[in-house]
Amino acid sequence: MNHSVEKVLWVRQWNESLFSFAITRPASFRFLSGQFVMLGLMVDGKPLLRAYSMASPYYAEELEFLSIIVQDGPLTSRLQHIKEGDDIVLAAKSVGSLVLDALLPGKNLHMIGTGTGLAPWLALARDPDVYDRFDRVTVQHTVRNKNDLAYFEMLSSKLADDPLVAEEAATKFHYDWAATREPAGPDHDSRRITDRIRDGSYKLDPETDRVMLCGSMAMIKETASILEGLGFTEGAMSGPGTFVLERAFVG
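Residues numbered from 1 in each chain as written. Predicted model: local features only at pLDDT ≥ 70, side-chain atom pairs only at ≥ 80, totals over all residues. Heavy atoms only, no water.

### Comments concerning the pattern of salt bridges
Enumeration according to the criterion identifies 13 salt bridges in this entry. Among the ionic pairs, aspartate 101 bridges to arginine 133, the shortest N-O distance being 3.0 Å. Here aspartate 101 is found in the loop between β6 (87-91) and β7 (108-114), whereas its partner arginine 133 is found in helix α3 (residues 128-133), with 32 residues between them in sequence. Look at aspartate 101 and you get partly exposed, because its relative accessible area is 42%. Arginine 133 sits in the partly exposed class, given a relative accessible area of 42%. (Salt bridge = Lys/Arg side-chain N within 4 Å of Asp/Glu carboxyl O. Helix = DSSP H or I, 4+ residues; strand = E, 2+ residues; numbered from the N terminus. Buried < 20%, exposed > 50% of the residue type's maximum accessible area, 1.4 Å probe, protein only.)

Below is the structure:
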């Protein structure tokens, strides 16, 4: 696999098991907001790589990522210790189906994720093309505890500090979060997104709504099944549909 060695620019720890980091971007590296790339570290003289969605939009000068820490994980047990200036191995090519062109035109875009499945939504939510195509843009993020909500301030502010999308996001962007281990409140739910879609409290209509899914395999498979039961059709770059998921993460 062709790859380059990049430098860590910054690291931010969200909690004991969740962190973000950014690395330098090669001049030749191209991607669409929502795609992923293989990255990692050199271990025993060989690259140890895993798939990570870009959390930065396609035009960003640096590449941003969101990672969970698995203490016995071959990569993340090491990656958790990176600091500014360290080396990161980056594959040369981006891939992935969580892109706008895999969706048919619609009115509302719902980006539904669990855990670090938030990452591609961070890229898409900061992409002006999203607001050109949709009247309402929702990032729906389900976690166990509220302190698992990375980027909470940025999202709850409707991207107010973003120079490219803040104006449109002020009226079009909606942040829907749920913490399943905490009591529900006036601004959030405590139920799993699959339960909310199934009972109709999170309303989705294939005539007007377009859905993207990223997160745990169980959530993606269950939600996809529910969506198909509602009349949604899975899309891909070769044939757009009314919902899309990342097959590379599901198998």
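Here the narrative resumes.
### Some details on the side chain of aspartate 148
Within the element layout of this structure, aspartate 148 appears in the loop between β8 (136-143) and α4 (152-156). Salt bridges are absent for the buried aspartate 148, whose nearest opposite-charge side chain, arginine 144, sits at 6.5 Å. Residues within four places of aspartate 148 in sequence aside, it is in contact with Asn15, Leu18, His141 and Val143. (Lys, Arg positive; Asp, Glu negative; His and termini not counted. Contact = heavy atoms within 4.5 Å.)

### Details of the packing of aromatic side chains
Applying the stated criterion across every chain yields a total of 9 aromatic pairs. Summarising the aromatic geometry, the rings of phenylalanine 21 and tyrosine 52 are spaced 6.4 Å apart at their centres and angled 70° between planes, so their arrangement reads as edge-to-face. Taken together, the residues phenylalanine 21 in strand β2 (residues 18-24) and tyrosine 52 in strand β4 (residues 46-53) connect sequence positions 31 residues apart. Like phenylalanine 21, the residue tyrosine 52 is buried in the burial classification. Put simply, the rings of Phe19, Phe21, Tyr52 and Phe65 pair up and form one aromatic cluster. (Phe/Tyr/Trp six-rings, centres within 6.5 Å; stacked < 30°, edge-to-face > 60°.)

### As for the sheet that holds strand β10 (residues 209-214)
Strand order in the open sheet formed by 5 strands is β9-β8-β7-β10-β11, and the pairing between neighbours is parallel. Strands at the two margins of the open sheet, each flanked by one partner only, are β9 (173-179) and β11 (243-245). Strand-to-strand twist of the sheet, defined as the mean angle between neighbouring strand axes without regard to direction, takes the value 15°. Bridging between β7 and β10 involves 6 bridges; their strand directions are parallel. By the bridge assignment for β10, leucine 109 is matched with arginine 210. (Pairing = 2+ DSSP bridges. Axes fitted to C-alpha atoms, helices over the stretch in contact; angles between N-to-C directions.)

### Observations concerning the environment of serine 216
The topology assignment puts serine 216 in the loop between β10 and α7 (217-229). We classify serine 216 as partly exposed; its relative accessible area is 35%. C-alpha of serine 216 to C-alpha of proline 183: the two residues are 33 residues apart in sequence and 22 Å apart in space.

### With respect to the nonpolar core
Judged by nonpolar contacts, the single largest core of 36 residues is most densely connected at Met111, Trp121, Tyr131, Val139, Leu155 and Phe173. Elements represented by at least two residues in this core include exactly β7, α2 (119-125), α3, β8, β9 and β10. Ranked by residue count, the leading element in this core is α2, at 5 residues. Beyond its immediate sequence surroundings of up to four residues, leucine 155 is in contact with Leu118, Leu122, Val139, Ala150, Phe173 and Tyr175. The next biggest cluster of nonpolar side chains, apart from the first, holds 22 residues, and it includes Phe21, Leu48, Phe65 and Ile88. (Core = buried A, V, L, I, M, F, W, Y, C linked by side-chain atoms within 4.5 Å.)

### Some words on the environment of histidine 188
By the secondary structure assignment, histidine 188 is in the loop between β9 and α6 (193-198). Taking the C-alpha atoms as reference points, histidine 188 and serine 157, 31 residues apart in sequence, are found 15 Å from one another. Setting aside residues no more than four positions away along its own chain, histidine 188 makes contact with Trp177 and Pro183. Polar side-chain contacts of histidine 188 include one of 3.1 Å to the backbone oxygen of proline 183. A polar contact is formed between the side chain of histidine 188 and the side chain of aspartate 187, at a distance of 2.8 Å. (Polar contact = N/O pair within 3.5 Å; in protein donor to acceptor, adjacent residues only side chain to side chain.)

Structural measurements only, silent on function.
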